[in-house]
Amino acid sequence: MSVKVFQISSELNVGSVGRISEQIGEAIIANGWESYIAYARDHQASSSVSYKIGSAKDLYYHVIYTRLTDRHGFASKNATKKLIDRIKEVNPDIIHLQHVHGYFINIDILFNFLKQANLPVIWTFHDCWSFTGHCAHYEFVDCQKWQLQCKECPQTFEYPKSYKDNSYQNYIDKKKLFNSVENLTIVPVSNWLGQETKKSFLQHKHIEVIQNGIDIDTFLYRDSTPLKEKHMSSGKFVILGVASPWTEKKGLQYFVELAGKLNSDFQIILIGLSKNQIKKLPSQIIGLERTENVQELVAYYSLADVFLNPTLEDTFPTTNLEAQACGTPVITFRSGGSPEAVNDKTGIVVDKQNVDQLIGAIYEIKRKTKANYSNHCRSRAEELYDKRKNFIKYIDLYKRKLGI
């Protein structure tokens with residue numbers, strides 16, 4: 001039986017969500033089925049049949065509409081109607097939603113169509129936007145209004161940024177729309193997000209966690225001698241941080257604080273910074289913009305003695321997985337889904353915002369040495385985060401939903 005799966009994603013084969021949609025598409029094709037992916041923003045070549053949602057003009061209008069009304073997800077009417085025409089053309093057996101936020105789709109039109117189509121719908125949650133009245137993350141401000149009724153949002157100036165607060169009505173409309181689709185399975189990408197979803201207005205839907213995977217054939221230890229020579233880091237204990245963009249929520253300030261407290265035995269390297277951020281760094285930190293390619297990023301992971309991820313809110317950061325796949329232990333704050341990628345043989349989890357514990361964890365890994373962790377890190381990545389093992393779980397889910 002040939003099955004058609006139609007994914008809807010904000011981007012395709014770029015960024016974390018775009019790469020996940022592409023890799024799920026590859027798993028669909030490997031199973032002998034047909035894969036279609038509709039995308040709105042950045043993209044690269046895909047193995048799937050792809051379809052562009054809307055135009056740059058549509059996207060810009062949706063941004064402006066969001067800024068002025070705080071009704072993110074309620075513009076892009078024509079783009080969404082054309083998307084539905086394309087879905088009807090393809091006549092898929094399964095519709096799989098990735099992000100449906102990002103200034104490209106009208107959730108009112110889309111979910112009314114999904115309700116009427118009565119097809120099995122899989123919806124992968126990469127963040128919390130689907131059950132809040134505004135934000136994609138709320139842990140940074142410790143807001144729990146989403147469990148009852150959003151209102152007086154403390155984060156209207158955070159993505160999706162608005163000059164108005166419409167969180168009260170957004171919450172009501174999302175609750176009604178998203179619960180209207182009967183044959184809906186929600187797939188959070190971390191256990192933490194799964195537990196949060198079960199506290200939300202979507203708690204009565206079928207919820208099944210499938211953690212993200214990575215390409216462990218790409219992310220594995222490589223010789224990093226040239227980088228050690230380039231940065232004169234040979235003999236030093238290298239602490240690596242990777243993010244894009246680097247914001248307060250990603251913990252840039254903690255690296256700056258550490259630079260003032262650690263001695264010259266340590267070298268901090270940060271990747272993904274803007275030019276302006278690099279100019280403001282203390283001299284003890286080597287700041288870099290994005291790496292030129294994945295292989296260079298792998299070399300930095302391999303160079304590092306520890307990967308430090310002081311994120312203050314996160315769903316399930318793939319950087320933790322990538323570092324471990326390269327044999328590098330991870331230190332992270334106890335925030336969101338970040339800690340669940342790490343166990344006591346592959347790194348250390350510390351209390352959020354506790355710099356003393358961060359320093360203690362760095363010295364603990366330095367004392368034990370990276371070699372004590374590397375094999376465990378690689379084994380954990382192979383066992384739990386191989387994309388081939390993780391994304392095949394979607395094929396199993398599709399089969400169950402179709403009864404085949």
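Scope of this entry: the structure provided in the associated data block.

Rules and cut-offs
- Residues numbered from 1 in each chain as written.
- Predicted model: local features only at pLDDT ≥ 70, side-chain atom pairs only at ≥ 80, totals over all residues.
- Heavy atoms only, no water.
- Phe/Tyr/Trp six-rings, centres within 6.5 Å; stacked < 30°, edge-to-face > 60°.
- Buried < 20%, exposed > 50% of the residue type's maximum accessible area, 1.4 Å probe, protein only.
- Pairing = 2+ DSSP bridges.
- Helix = DSSP H or I, 4+ residues; strand = E, 2+ residues; numbered from the N terminus.
- Contact = heavy atoms within 4.5 Å.
- Axes fitted to C-alpha atoms, helices over the stretch in contact; angles between N-to-C directions.
- Core = buried A, V, L, I, M, F, W, Y, C linked by side-chain atoms within 4.5 Å.
- Right-handed = clockwise from strand over helix to strand, strands pointing away.
- Polar contact = N/O pair within 3.5 Å; in protein donor to acceptor, adjacent residues only side chain to side chain.

Under the definition given, this model contains 23 aromatic pairs. Relative to Phe 131, the ring of Phe 125 lies with its centre 6.3 Å away and its plane at 40°, an arrangement referred to as tilted. When sorted by exposure, Phe 125 lands in the same class as Phe 131, which is buried. Taking the centre distance of 5.1 Å and the plane angle of 50° together, the rings of Phe 131 and Trp 146 count as tilted.

So, on to the sheet that holds strand S7 (residues 206-207). Strand order in the open sheet formed by seven strands is S3-S2-S1-S4-S5-S6-S7, with parallel pairing between adjacent strands. Two strands close off the open sheet at either side, each with one partner strand: strand S3 (49-52) and S7. Both strand S2 (residues 34-39) and S3 contribute to a ladder of four bridges, which runs parallel. Residue pairing in the sheet places Ile 37 in a bridge with Ser 50 of S3. Along the sheet, helix H4 (residues 107-117) contacts strand S1 (4-9), strand S4 (94-97) and strand S5 (121-125); its crossing angle with S4, the most-contacted strand, is approximately 150°.

With that settled, consider the nonpolar core. Ranked by size, the top nonpolar core spans 45 residues in total, and within it Ile 8, Leu 97, Ile 107, Phe 111, Leu 114, Phe 131 and Phe 178 carry the most contacts. Excluding anything up to four places from it in sequence, Leu 97 contacts Ile 8, Leu 110, Phe 111, Leu 114, Val 121, Ile 122, Trp 123 and Thr 124. Counting 31 residues, the second-largest nonpolar core is a separate cluster that includes Ile 285, Leu 312, Ile 331 and Ala 361.

Glancing now at the pairing of strand S9 (residues 266-271). Here S9 lies mainly inside the structure; six of its six residues are buried. Along S9, one buried face is formed by Phe 266, Ile 268 and Leu 270 and the opposite face, lined by Gln 267, Ile 269 and Ile 271, is buried too. The sheet contact formed by strand S8 (residues 237-242) and S9 spans six bridges and is parallel. Note that in S9 the partner of Val 242 across the bridge is Ile 271. Considered for its hand, the β-α-β crossover made up of S8, helix H8 (residues 252-261) and S9 is right-handed. Across four bridges, S9 lies against strand S10 (residues 285-288) in parallel orientation. The residue bridging Ile 271 from the neighbouring strand is Leu 288, located in S10.

Within the secondary structure layout, His 101 lies in the loop between S4 and H4. Within the structure, the side chain of His 101 is placed 2.9 Å from the side chain of Asp 127, a separation counted as a polar contact. Side-chain polar atoms of His 101 contact the side chain of Tyr 159, separated by 2.7 Å. In this view, His 101 contacts Ser 10, His 72, Asp 127, Trp 129 and Tyr 159; residues no more than four positions away in its chain are not counted.

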